[in-house]
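# Geometric and topological summary
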Amino acid sequence: MKIVYFDYWTSGIHNFVPLSNSLCSEEYETMLFHIGSYNDPGFAKEEYINGILCRDISYYNTKYIYNALKKIKPDVIVSLNTTY
């Protein structure tokens, strides 16, 4: 099962670490998908932080969240905020 954590940038990754540690022990595929490059084009397209794969929207060559999610094809999306 593919589980995607969604956040605006990587600074909130600590909120997902306990959940990710539990899920990875159950052999789920997890990653953080973020839109950090919207406000800072210097964000890495892909990196690992605290053992979690993190990908910026620019990794998917689109500026639309929906298009990136179509490429990721997650089974579950976990989001801490829904402002946008």
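My aim in this report is to walk through the structure given alongside it, one point at a time. Each chain carries its own residue numbering, running from 1 in the direction its sequence is written. In keeping with the predicted nature of the model, local features appear solely for residues at pLDDT of at least 70, side-chain atom pairs appear and are counted solely at 80 or more, and the whole-chain, interface and lining totals rest on all residues. Each side-chain value is derived from all of the structure's non-hydrogen atoms; neither hydrogens nor water enter the calculation.

## Brief notes about the sheet that holds strand β3 (residues 46–49)
- Two strands are counted as paired when DSSP detects at least two bridges linking them. For the purposes of this entry, the term helix denotes a DSSP run of H or I that reaches at least four residues, the term strand denotes a run of E that reaches at least two, and both are numbered from the N terminus. Taken together, the five strands give an open sheet; going across it, the order is β3-β4-β2-β1-β5, and neighbouring strands pair in mixed fashion. Looking at strand neighbours, the two that pair on one side only are β3 and β5 (76–79), the edges of this open sheet. Between one strand and the next, the sheet's axes are offset by a mean angle of 30 degrees, whatever the strand orientation.
- Summarising the sheet, strand β1 (residues 2–7) and β5 pair through four bridges and their orientation is parallel. Of the residues in β5, the one forming a bridge with Phe6 is Ser79.
- Across the sheet, helix α1 (residues 17–25) is in contact with β1, β2 (29–34) and β4 (52–56); its angle to β1 comes to roughly 175 degrees.
- Any two residues whose heavy atoms approach within 4.5 Å at even a single point are treated as in contact. Convention adopted: a line fitted to C-alpha atoms gives each axis, helices being fitted over their contacting stretch, and angles between N-to-C directions are expressed from 0 to 180 degrees. In this fold helix α2 (residues 65–72) packs onto β1, β2 and β5, with an angle of close to 165 degrees to the strand it touches most, β2.

## Comments concerning unusual backbone geometry
- Residue Asn50 is not a glycine yet carries a positive backbone phi of 50 degrees.
- By the secondary structure assignment, Asn50 is in the loop between β3 and β4.

## Description of the side chain of Thr30
- Turning to its location among the elements, Thr30 is positioned in strand β2.
- According to the relative accessible area criterion, Thr30 is buried, its value standing at 12%.
- With sequence-adjacent residues up to four places away left out, Thr30 is seen in contact with Ile3, Tyr5, Ser20, Leu23, Cys24 and Leu53. Exposure categories follow from relative accessible area, calculated using a 1.4 Å probe and restricted to protein chains: below 20% of the type maximum is buried, above 50% is exposed, and the middle band is partly exposed.

## Some points on the nonpolar core
- For the purposes of this section, nonpolar cores are sets of buried Ala, Val, Leu, Ile, Met, Phe, Trp, Tyr and Cys residues that join through side-chain atoms within 4.5 Å. In this structure, Val4, Phe6, Tyr8, Met31, Phe33, Ile35, Leu53, Ile57, Tyr60, Ala68 and Ile72 together form the largest nonpolar core, which totals eleven residues.
- Looking at this core, the elements that each hand over two or more residues are β1, β2 and α2.
- Those residues in contact with Ala68 that sit more than four places away from it in its chain are Phe33, Ile57, Tyr60 and Thr62.
- Ile3, Phe16, Ile49 and Cys54 belong to the second largest nonpolar core, which has ten residues in total.

## Re the packing of aromatic side chains
- Stacked, edge-to-face and tilted are the three classes for Phe, Tyr and Trp ring pairs, Trp counted by its six-membered ring, which pair at centre distances within 6.5 Å; planes under 30 degrees apart are stacked, over 60 edge-to-face, the rest tilted. Inspection of every chain in the model, using the stated rule, returns six aromatic pairs.
- For the ring pair Phe6 and Phe33, a centre distance of 5.7 Å and an interplane angle of 45 degrees mean the geometry is tilted. Here Phe6 is found in strand β1, whereas its partner Phe33 is found in strand β2, with 27 residues between them in sequence. We note that Phe6, like Phe33, is buried.
- Judged by centre distance (5.9 Å) and plane angle (50 degrees), the ring pair of Tyr8 and Trp9 falls under tilted.
- Members of the aromatic cluster, each reached through a chain of ring pairs, are Phe6, Tyr8, Trp9, Phe33, Tyr59 and Tyr60.

Purely spatial values, then, with no claim about function.
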